[in-house]
Amino acid sequence: MDLIQQAEIEERLMDFEQARKTMVETQLRPSGVTDPALLHALRQIARERFVPPAQRVFAYGDLDIPLQENRQLLAPRTLARLIQALAIQPGDRVLEIAGATGYGGALLASLGGDVTVLEPSPDLSFMARAALDGCGFGSVKIVSTDCRTGWAEGAFYDAIMLHGAAQFVPDAWLSQLKEGGRLALILREGAAGSARLYTKSRGVCGYRVLFDAQPAIVPGLEKAPAFVF
């Protein structure tokens, strides 16, 4: 029996609904995820639909799930804490950058956000559209462009979130926030990484550190190598 066949058997035997409840009670609540609307969404949305078939048995594990080179579906507690920090309100215009297979977009939409998912990979965009449609989130818009440029056509945003890590914050993201808008992302500096929440006030963006995390850096969001004489 090969690994794919074994994964298919394990998937058939797995109770995904119970796994979602266990994820909430053992991973998320102990990590400070307390927003009732977000917890409800996490219990209801089938995360396994957003995971490649061979990896669905890991859908509710406390780990980043690899999708492509340096692309991941963030671990549930990491993603949930980023979303909670954004404090999404019904009607908020939201941009998720490098949204991968669309799970973050589904959670953001479930909170009432008017969501656009920016995903440069055609394969991941296809997976996201299928998963979002299958879970009843067909209204989430998916666009494909360079992550660094954001999506000016939908600006200005109440909230922007990066699904992954970056080594710098592109100016375009900050400029596309409206006054009072929030940007949540994980900034990597070497092996270390920390989640930050930026807030725009009077045209200036300040930030506070939320928690430590070290997911992979999204391709294109690496700092240019320093020039050495």
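Residues numbered from 1 in each chain as written. Predicted model: local features only at pLDDT ≥ 70, side-chain atom pairs only at ≥ 80, totals over all residues. Heavy atoms only, no water.

(A) Looking closely at the overall build of the protein. Looking only at helices and strands, the protein has seven helices and nine strands in total. A globule of 229 residues ought to have a C-alpha radius of gyration of about 17 Å, and the protein, at 17 Å, matches this closely. Overall size of the protein, expressed as C-alpha extent along the three principal axes, is 55 × 50 × 35 Å. Taken across its 229 residues, the protein has 50% of its residues classed as buried. Sequence-distant contacts, at least 24 apart, represent 56% of the contacts inside the protein between residues at least 6 apart. On the protein, roughly 10,700 Å² of surface is accessible, and the fraction owed to carbon and sulfur atoms is 53%. Separation of charge centres in the protein, based on 23 positive and 26 negative side chains, amounts to 6 Å. (Helix = DSSP H or I, 4+ residues; strand = E, 2+ residues; numbered from the N terminus. Rg over C-alpha atoms; globule rule 2.2 N^0.38 Å. Buried < 20%, exposed > 50% of the residue type's maximum accessible area, 1.4 Å probe, protein only. Contact = heavy atoms within 4.5 Å. Areas by Shrake-Rupley, 256 points an atom, 1.4 Å probe, with all protein chains shown as cover. Lys, Arg positive; Asp, Glu negative; His and termini not counted. Charge placed at Lys NZ, Arg CZ, Asp CG, Glu CD.)

(B) Here's a closer look at the packing of aromatic side chains. Counted according to the given criterion, the structure contains three aromatic pairs. With centroids separated by 5.6 Å and ring planes inclined at 55°, the aromatic side chains of phenylalanine 50 and tyrosine 103 adopt a geometry described as tilted. Residue phenylalanine 50 is found in the loop between helix 3 (36–44) and strand 1 (65–68), and its partner tyrosine 103 is found in helix 5 (residues 103–110); the two are separated by 53 residues along the sequence. Relative accessible area serves as the criterion here: at 1%, phenylalanine 50 is assigned to the buried category. An angle of 40° between the planes, with centres 5.1 Å apart, marks the rings of tyrosine 198 and tyrosine 207 as tilted. Residue tyrosine 198 is classed as buried on the basis of its relative accessible area, which comes to 8%. Sitting over the face of the ring of phenylalanine 211, arginine 81 holds its NZ or CZ atom 4.1 Å from the ring centroid. (Phe/Tyr/Trp six-rings, centres within 6.5 Å; stacked < 30°, edge-to-face > 60°. Lys NZ or Arg CZ within 6 Å of the ring centre and 35° of its normal.)

(C) Molecular detail of the side chain of aspartate 92. Relative to the assigned elements, aspartate 92 resides in the loop between helix 4 (76–86) and strand 3 (93–97). Judged by its relative accessible area of 9%, aspartate 92 falls in the buried class. Of the polar contacts made by the side chain of aspartate 92, one reaches the backbone nitrogen of glutamine 89; its length is 2.9 Å. In this structure the side chain of aspartate 92 is engaged in a polar contact, spanning 3.2 Å, whose partner is the side chain of arginine 182. Contact partners of aspartate 92, with chain neighbours within four places excluded, come to Ala87, Gly112, Gly113, Asp114, Asp158 and Arg182. (Polar contact = N/O pair within 3.5 Å; in protein donor to acceptor, adjacent residues only side chain to side chain.)

(D) Representation of the pairing of strand 3. Counting buried positions over the five residues of strand 3 gives four, a clear majority of the element. Taken together, strand 3, helix 5 and strand 4 (residues 114–118) constitute a β-α-β crossover, and its handedness is right-handed. (Right-handed = clockwise from strand over helix to strand, strands pointing away.)

(E) Region of the structure containing the pattern of salt bridges. The tally for this structure, following the rule as stated, stands at nine salt bridges. Here arginine 148 and aspartate 146 are joined by a salt bridge, their closest N and O atoms 2.7 Å apart. Judged by its relative accessible area of 40%, arginine 148 falls in the partly exposed class. Aspartate 146 sits in the partly exposed class, given a relative accessible area of 32%. Note that glutamate 189 and arginine 196 form a salt bridge whose closest N and O atoms lie 3.9 Å from each other. Residue classification places glutamate 189 among the exposed residues on the basis of a relative accessible area of 54%. (Salt bridge = Lys/Arg side-chain N within 4 Å of Asp/Glu carboxyl O.)

Interpretation note: all reported values are geometric properties and have no functional meaning in isolation.
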